[in-house]
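The chain contents come next:
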Amino acid sequence: MICNWPLGNGEALQFEVLAKNEGWNAIAGLYIFAYQLQNGNWQAVYIGQTDNFSLRMPNHDRLDAAVRAGATHIHAKVVNSQQNRDLWESMLIRNLQPQLNQHHR
């Protein structure tokens, strides 16, 4: 499943929607802990980035808090460029205002 998340500038990024926190590859990217609303839209709970999904995701320090806040899925996007990860993470947080992100607001 694919989900398009708006950056707030008229553009959106495509993320793959994953129901399990397993099978990660050693690649860089962005991720969103989210849950689906009754109308079919997604609500972001936490947005982050990593330079290695396989090291970051299995024991993520914000995952328990995200699950308590309702997160049921992880949306992931491979983004090799650190510059793009920094820019897009900041834009997503500013636009979506996830409850567990306090920076970039």
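Residues numbered from 1 in each chain as written. Predicted model: local features only at pLDDT ≥ 70, side-chain atom pairs only at ≥ 80, totals over all residues. Heavy atoms only, no water.

Colleague: Lay out the pattern of salt bridges with the relevant residues and their values.
Modeller: Opposite charge on two side chains permits pairing when their charged atoms draw close. Applying the stated criterion to the full structure yields 1 salt bridge. The salt bridge involving Arg 56 is made with Asp 61; its shortest N-O contact spans 3.1 Å. A residue is classified by how much of its surface remains accessible, and Asp 61, at 58% relative accessible area, is exposed. (Salt bridge = Lys/Arg side-chain N within 4 Å of Asp/Glu carboxyl O. Buried < 20%, exposed > 50% of the residue type's maximum accessible area, 1.4 Å probe, protein only.)

Colleague: Would you mind going over the sheet that holds strand S2 (residues 12-18) in detail, with residue names and values included?
Modeller: Taken together, the 5 strands give an open sheet; going across it, the order is S1-S2-S5-S3-S4, and neighbouring strands pair in antiparallel fashion. At either margin of the open sheet sits one strand with a lone partner, and together these are strand S1 (2-6) and strand S4 (42-50). Ignoring strand direction, the axes of neighbouring strands in this sheet form an average angle of 35°. As paired strands, strand S3 (residues 29-36) and S4 are joined by 8 bridges and run antiparallel to one another. Along S4, the bridge assignment pairs Ala 34 with Ala 44. Relative to the sheet, helix H3 (residues 82-96) contacts S1, S2, S3, S4 and strand S5 (73-78), its axis offset from that of S4 by approximately 155°. (Pairing = 2+ DSSP bridges. Helix = DSSP H or I, 4+ residues; strand = E, 2+ residues; numbered from the N terminus. Axes fitted to C-alpha atoms, helices over the stretch in contact; angles between N-to-C directions. Contact = heavy atoms within 4.5 Å.)

Colleague: So, the packing of aromatic side chains: which residues are in play, and what are the values?
Modeller: Following the criterion strictly, the structure yields 5 aromatic pairs and no others. With a centroid separation of 5.2 Å and 15° between ring planes, the pair formed by Trp 24 and Phe 53 is classed as stacked. In this pair, Trp 24 sits in the loop between S2 and S3 while Phe 53 sits in helix H1 (residues 53-56), placing the two residues 29 residues apart along the sequence. Since its relative accessible area comes to 14%, Trp 24 is described here as buried. Ring geometry for Tyr 31 against Tyr 46: centres 6.4 Å apart, planes inclined by 35°, an arrangement best described as tilted. (Phe/Tyr/Trp six-rings, centres within 6.5 Å; stacked < 30°, edge-to-face > 60°.)

Colleague: Mind laying out the layout of surface pockets, listing which residues take part and the relevant values?
Modeller: The space that makes up the largest pocket amounts to roughly 190 Å³. Every residue along the wall of the largest pocket is listed here: Glu 16, Leu 18, Lys 20, Glu 22, Gly 23, Trp 24, Asn 25, Ile 27, Phe 53, Ala 76, Lys 77 and Val 78. For the lining of the largest pocket, the secondary structure elements donating two or more residues are S2 and S5. When its residues are assigned to classes, the lining of the largest pocket shows 6 nonpolar, 2 polar and 4 charged. (1 Å grid on protein atoms, 1.4 Å probe; cavity = no way out; pocket = protein on both sides within 12 Å on 5 of 7 lines; lining within 4 Å. Points joined across faces, edges and corners; volume = space filled by probe spheres on them. Nonpolar A, V, L, I, M, F, W, Y, C, P; charged D, E, K, R; others polar.)

Colleague: Describe the environment of Lys 77, and please don't skip the residues or the numbers.
Modeller: Checked against the element boundaries, Lys 77 lands in strand S5. When the C-alpha atoms of Lys 77 and Glu 16 are compared, they prove to be 6.3 Å apart, with 61 residues separating the residues in sequence.

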